[in-house]
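Each chain, letter by letter, is given below.
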Amino acid sequence: MTVIAPDMAYSERELMQLAIELAAKCVSEENKVSPKVGAVVARDGIVLAAAYRGELKAGEHAEYTLLERKLQGVDLEGATLFSTLEPCTHRNHPKISCSDRVIERKLKRVVIGTLDPNYIIRGLGELRLQEEGIEIRRFEHDLVLQLRKLNREFLALHPVRDIQRNVSQTNEPFKSGEIGPNGHRIGYNDDGDMVEWIPSDEEDGEYWPMVLRRNDAAILKEYSELWDKIWWNRHQNWLRRLATGEETLSPDQEEILVTAKKAARRIEQKFGKKNLGWDDFEWGLLSGRMSALSWVLGSEWNESLDT
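Cut-offs used in this document
Counting restarts for each chain: residues are numbered from 1 in the order of the written sequence. Local features are withheld for residues below a pLDDT of 70 in this predicted model, meaning they are given only at 70 or higher, and side-chain atom pairs are given and counted only at 80 or more; totals for whole chains, interfaces and linings count all residues. For side-chain calculations, the full set of non-hydrogen atoms in the structure is used, while hydrogens and water are omitted. Numbering of helices and strands runs from the N terminus; a helix is a DSSP stretch of H or I covering at least four residues, while a strand is a stretch of E covering at least two. Accessibility here uses a 1.4 Å probe with only protein chains present; expressed as a share of the type maximum, an area under 20% marks a residue as buried, one over 50% as exposed, and anything in between as partly exposed. Here, two residues are considered to be in contact whenever any of their heavy atoms come within 4.5 Å of each other. Exposure was quantified through the Shrake-Rupley algorithm and a 1.4 Å probe, taking into account, for residues, occlusion by the shown protein chains and nothing else. Strands were regarded as paired on the criterion that DSSP finds at least two bridges between them. Every axis corresponds to a line fitted to the C-alpha atoms, with the helix fit spanning only the stretch in contact, and the corresponding angles, defined between N-to-C directions, vary from 0 to 180 degrees. Classification of ring pairs rests on two measures: the distance between centres of Phe, Tyr or Trp rings, Trp counted by its six-membered ring, which must be within 6.5 Å, and the angle between planes, read as stacked under 30 degrees, edge-to-face over 60 and tilted in between. Here, a charge over a ring means that NZ of Lys or CZ of Arg falls within 6 Å of the ring centre while also lying within 35 degrees of the ring normal. Here pLDDT means the predictor's own confidence in every residue, given as a number from 0 to 100. Put simply, a disulfide is two cysteine sulfurs that come within 2.5 Å. Patch definition: residues with relative accessible area over 30% and no salt bridge; like charges joined within 9 Å; nonpolar side chains (Val, Leu, Ile, Met, Phe, Trp, Tyr) joined within 5 Å. Each reported salt bridge corresponds to a side-chain nitrogen of Lys or Arg within 4 Å of a carboxyl oxygen of Asp or Glu. Charged residues are defined here as Lys and Arg on the positive side and Asp and Glu on the negative side; His and the ends of the chain fall outside this count. Where a charge lies is defined by one atom per residue type: Lys uses NZ, Arg uses CZ, Asp uses CG and Glu uses CD. Each angle is binned into one of four classes, with values under 35 degrees roughly parallel, values over 145 roughly antiparallel, values of 65 to 115 roughly perpendicular, and all other values oblique. Note on residue classes: Ala, Val, Leu, Ile, Met, Phe, Trp, Tyr, Cys and Pro are nonpolar, Asp, Glu, Lys and Arg are charged, and everything else, Gly too, is polar.

Caption draft 1: The arrangement of the overall build of the chain in detail. Each helix and strand counted, the chain has 10 helices and eight strands in total. Relative to its 307 residues, the chain shows a buried fraction of 41%. Within the chain, contacts between residues separated by at least 24 positions form 59% of all contacts whose residues are at least 6 apart in sequence. Element-wise, carbon and sulfur atoms account for 49% of the exposed surface of the chain, whose accessible area totals about 17,900 Å².

Okay, structure coming up:
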């Protein structure tokens, strides 16, 4: 699909695949390992333009090439951007971030392949766009795996970091004598949760703990389990597309599918298959829980991740 047919309407998956094909053309700047990024702008499935990082000038972001060089002056209101990497949120002055360019051009949707692997800025591009009312979608699971393989050298520079916390961060210390929202003393229960000790209405001198904040280990465990369930759900959607013929398995995906099925079975054994899978309402609740947990783990509220 490298050659784009004018006025032909492509499916969203085909547009995702086109962005990946473009990303594969990227060449890193001298003495640097850069991310391979491809981007496509389409309206109603018709490609308006496509670009990749460094296509016209070394180091230029794909979105800049696309929006400011190829589509300058074109009305993009209501169009969709397909980008293999979330748009950046900061550039050295006087450059403008890719997220701000997307907002200025009034695109309606952005479909993202992967979040930035740098843990310091991961998710900020997605959230910046959401704050401005731009709809966010993600590439399909098997395509994300292709992107990770394509960018393995860049990803190696940003390995997943274990979250390390000191005692103060874990226990969220408070001043001696500090009271909770109901006017009673704050302390910790046996599990390490921060609680407010509420007097019993039935027994004098008895108190019951109202949890104010779960202990760090419990939060991290819940976060990890929710991500397992989200991945399983996306895997099932991939299997459904294969079964219905909506998607055809390519030879290079066969090994990926075998590995993914093994991972899915482990998750099913862990939680029980009947406890996996949700309708749209339940999925919304799950997304909210993920955002809340991310906030508790240290993100500002307007920077917390969702699914």
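Caption draft 2: Layout of the sheet that holds strand β8 (residues 207-213). An order of β6-β7-β8 is seen for the three strands of this open sheet, with the pairing classed as antiparallel. In the strand order of this sheet, the two ends are held by β6 (186-188) and β8, each with one partner. Geometrically, the sheet is characterised by an average inter-axis angle of 45 degrees between neighbouring strands, direction not taken into account. In this sheet, strand β7 (residues 194-199) lies alongside β6 in antiparallel orientation, the contact comprising three bridges. By the bridge assignment for β7, Ile-186 is matched with Glu-196.

Caption draft 3: Spatial organisation of helix α4 (residues 124-131). Inspection of α4 places Leu-124, Gly-125, Glu-126, Leu-127 and Leu-129 among the buried residues, and these make up the whole buried set. Those residues of α4 that are buried lie in contact with α3 (98-104), β4 (109-114) and β5 (135-138). Of the residues flanking the end of α4, it is Gly-133, one or two places downstream, whose phi is positive at about 80 degrees.

Caption draft 4: A look at the packing of aromatic side chains. Following the criterion strictly, the structure yields zero aromatic pairs and no others. One Lys or Arg, Arg-185, reaches over the ring of Tyr-207 and ends 5.6 Å from the middle of that ring.

Caption draft 5: Expanded view of the confidence of the model for the chain. Looking at the chain as a whole, its pLDDT mean stands at 84, while 85% of the residues score no less than 70. Scored below 50 in pLDDT, residues 300-307 makes 33 contacts in the model with residues more than four places away or belonging to other chains.

Caption draft 6: Highlighting the state of the cysteines. Evaluated as defined, the whole model comprises zero disulfides. Free cysteine Cys-88: the closest other cysteine sulfur is in Cys-98, separated by 3.7 Å. A residue is classified by how much of its surface remains accessible, and Cys-98, at 1% relative accessible area, is buried.

Caption draft 7: Molecular detail of a positive patch on the surface. Together, Lys-261, Lys-262, Arg-265 and Arg-266 make up a region of like positive charge exposed at the surface. Position of Arg-265 among the secondary structure elements: in helix α9 (residues 254-271).

Caption draft 8: Highlighting the pairing of strand β2 (residues 46-52). Among the seven residues of β2, five are classified as buried, and the element is accordingly described as predominantly covered. Here strand β1 (residues 38-43) folds back onto β2, and the loop between the two strands holds two residues, one of which, Asp-44, carries a positive phi near 55 degrees.

Caption draft 9: Highlighting the packing of helix α1 (residues 12-23) against helix α5 (residues 141-150). Following both chains from N to C, one finds α1 and α5 inclined at 5 degrees, their axes separated by 11 Å at the closest point. By the criterion of interaxial angle, the relationship of α1 to α5 is roughly parallel. Residue-level inspection shows Arg-13, Met-16, Gln-17, Ile-20 and Ala-23 of α1 in contact with α5, the latter providing Asp-142, Leu-143, Gln-146, Leu-147 and Leu-150. Taken together, the residues of the contact of α1 with α5 break down into six nonpolar, two polar and two charged.

Caption draft 10: Spotlight on the pattern of salt bridges. For the structure shown, the criterion picks out 19 salt bridges. Across the salt bridge formed by Arg-69 and Glu-60, the nearest N and O atoms sit 2.7 Å from each other. Under the relative-accessibility criterion, Arg-69 is labelled partly exposed at 41%. Residue Glu-60 is classed as buried on the basis of its relative accessible area, which comes to 12%. A salt bridge links Lys-270 to Asp-228, with the shortest nitrogen-to-oxygen separation between them at 3.6 Å. Here Lys-270, found in helix α9, pairs with Asp-228, found in helix α8 (residues 216-244); they are 42 residues apart in sequence, far enough to count as distant. Overall, the relative accessible area of 49% leaves Lys-270 in the partly exposed class. Assessed through its relative accessible area of 24%, Asp-228 is described here as partly exposed.

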